[in-house]
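Listed here are the chains, written in short residue letters.
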Amino acid sequence: MIITVAAFKGGVAKSTTALHLATYLQTKADTLLVDGDLNRSALDWSNRGCLPFKVADEKQGVNLVKLYEHIVIDTPARPDSDELKTIAKGCDLLVIPTTPDAVALAATLQMVDLLKQLKTNYRILLTIIPPNPNKAGEEARTALEQAGLPMFKSGIRRLAVFQRAALEGVPVNAVKDSYAQIAWRCYAGVGKEILSN
């Protein structure tokens, strides 16, 4: 299965999502994360510590894909329409992370408009959802569902433990922190939804 993570806006936890989906999929079968982000966030993350799956750039990835059951691709932020076509055609599922703020949601809707012409299998993932009593996450979910857009039931909470994981160079489930398992359950829920479809 090839899962691509893409977004029209930076700062929506795109690389964090790619990395944690790869972590989840690795628990089921050998998984490769192809870091196509210009910032090389996933490669930097892996160089700081130890990840339970292989990370490669696009050039290495081309030679490695046949060795893996699951491929997760982290893409450059803000792909243009031609890049988006290539990204959309080359995967089984396109995961679009978005934060619940107006700017990110507007960028997500722009991306979805372009995808409609491509008949792509995609789903939107709400990320960096603020804690209660803030209702931004619920309001964004309601708006996207009312627009008839495919969404993950799971959402990713805004938790500082994700930053700790990045600094330590490990997935969040390997961080010694009381919030680590809460954070991991967010992504494990997404992983289960992907594999159950």
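For the structure itself, look to the data block above.
Residues numbered from 1 in each chain as written. Predicted model: local features only at pLDDT ≥ 70, side-chain atom pairs only at ≥ 80, totals over all residues. Heavy atoms only, no water.

(A) Highlighting the environment of Cys 186. Mapping Cys 186 onto the fold places it in helix 8 (residues 180-196). Considered as a pair, Cys 186 and His 20 are 166 residues apart in the sequence and their alpha carbons are 9.7 Å apart. Sequence-distant contacts of Cys 186, that is, excluding residues within four places in its chain, are made with Ser 154, Gly 155, Ile 156 and Arg 157. (Helix = DSSP H or I, 4+ residues; strand = E, 2+ residues; numbered from the N terminus. Contact = heavy atoms within 4.5 Å.)

(B) Molecular detail of the pattern of salt bridges. Tallied over the entire structure, the rule returns eight salt bridges. Arg 123 is paired through a salt bridge with Glu 193; the nearest N and O atoms lie 3.7 Å apart. Residue Arg 123 is located in strand 6 (residues 122-126), and its partner Glu 193 is located in helix 8; the two are separated by 70 residues in the primary sequence. Residue classification places Arg 123 among the buried positions, given a relative accessible area of 11%. One salt bridge in this structure joins Glu 168 and Arg 164, with 3.1 Å as the shortest N-O distance. In this pair, Glu 168 and Arg 164 are both assigned in helix 7 (residues 161-168), four residues apart and thus about one turn of the helix distant. According to the relative accessible area criterion, Glu 168 is partly exposed, its value standing at 34%. (Salt bridge = Lys/Arg side-chain N within 4 Å of Asp/Glu carboxyl O. Buried < 20%, exposed > 50% of the residue type's maximum accessible area, 1.4 Å probe, protein only.)

(C) Looking closely at the pairing of strand 6. Of all five residues that make up strand 6, five are buried, and the element is covered over most of its length. Residue alternation in strand 6 divides its side chains into two sets, Tyr 122, Ile 124 and Leu 126 and Arg 123 and Leu 125, and both sets are buried. Handedness of the crossover joining strand 5 (residues 93-98) and strand 6 through helix 5 (residues 102-116): right-handed. (Right-handed = clockwise from strand over helix to strand, strands pointing away.)

(D) Up close: the sheet that holds strand 4 (residues 70-74). The sheet built from six strands is open, its strands ordered 3-2-4-1-5-6 with parallel pairing. Edge positions in the sheet fall to strand 3 (54-57) and strand 6, since each has one partner strand and no second. In this sheet, adjacent strand axes meet at a mean angle of 25° when their direction is disregarded. Where strand 1 (residues 2-5) meets strand 4, four bridges bridge the pair, whose relative direction is parallel. Looking at the pairing, Ile 3 lines up with Val 72 of strand 4. Sheet strands in contact with helix 2 (residues 41-48) are strand 2 (31-35) and strand 3, and its direction is about 135° off that of strand 3. The strands touched by helix 8 are strand 1, strand 4, strand 5 and strand 6; relative to strand 6, the strand with the most contacts, the crossing angle is about 165°. (Pairing = 2+ DSSP bridges. Axes fitted to C-alpha atoms, helices over the stretch in contact; angles between N-to-C directions.)

(E) Highlighting the packing of helix 1 (residues 14-26) against helix 2. At a closest axis distance of 9 Å, the pairing of helix 1 and helix 2 adopts a crossing angle of 60°. Accordingly, the angle class assigned to the pair helix 1 and helix 2 is oblique. At the point where helix 1 passes helix 2, the crossing takes the right-handed sense. When helix 1 is examined against helix 2, the residues Ser 15, Thr 16, Leu 19 and His 20 are found in contact with a partner set consisting of Ser 41, Ala 42 and Trp 45. Considered class by class, the residues forming the contact of helix 1 with helix 2 number three nonpolar, four polar and no charged. (Parallel < 35°, antiparallel > 145°, perpendicular 65-115°, else oblique. Left-handed = near helix turned anticlockwise from the far one by under 90°. Nonpolar A, V, L, I, M, F, W, Y, C, P; charged D, E, K, R; others polar.)

On their own, these measurements won't tell you what the molecule is for.
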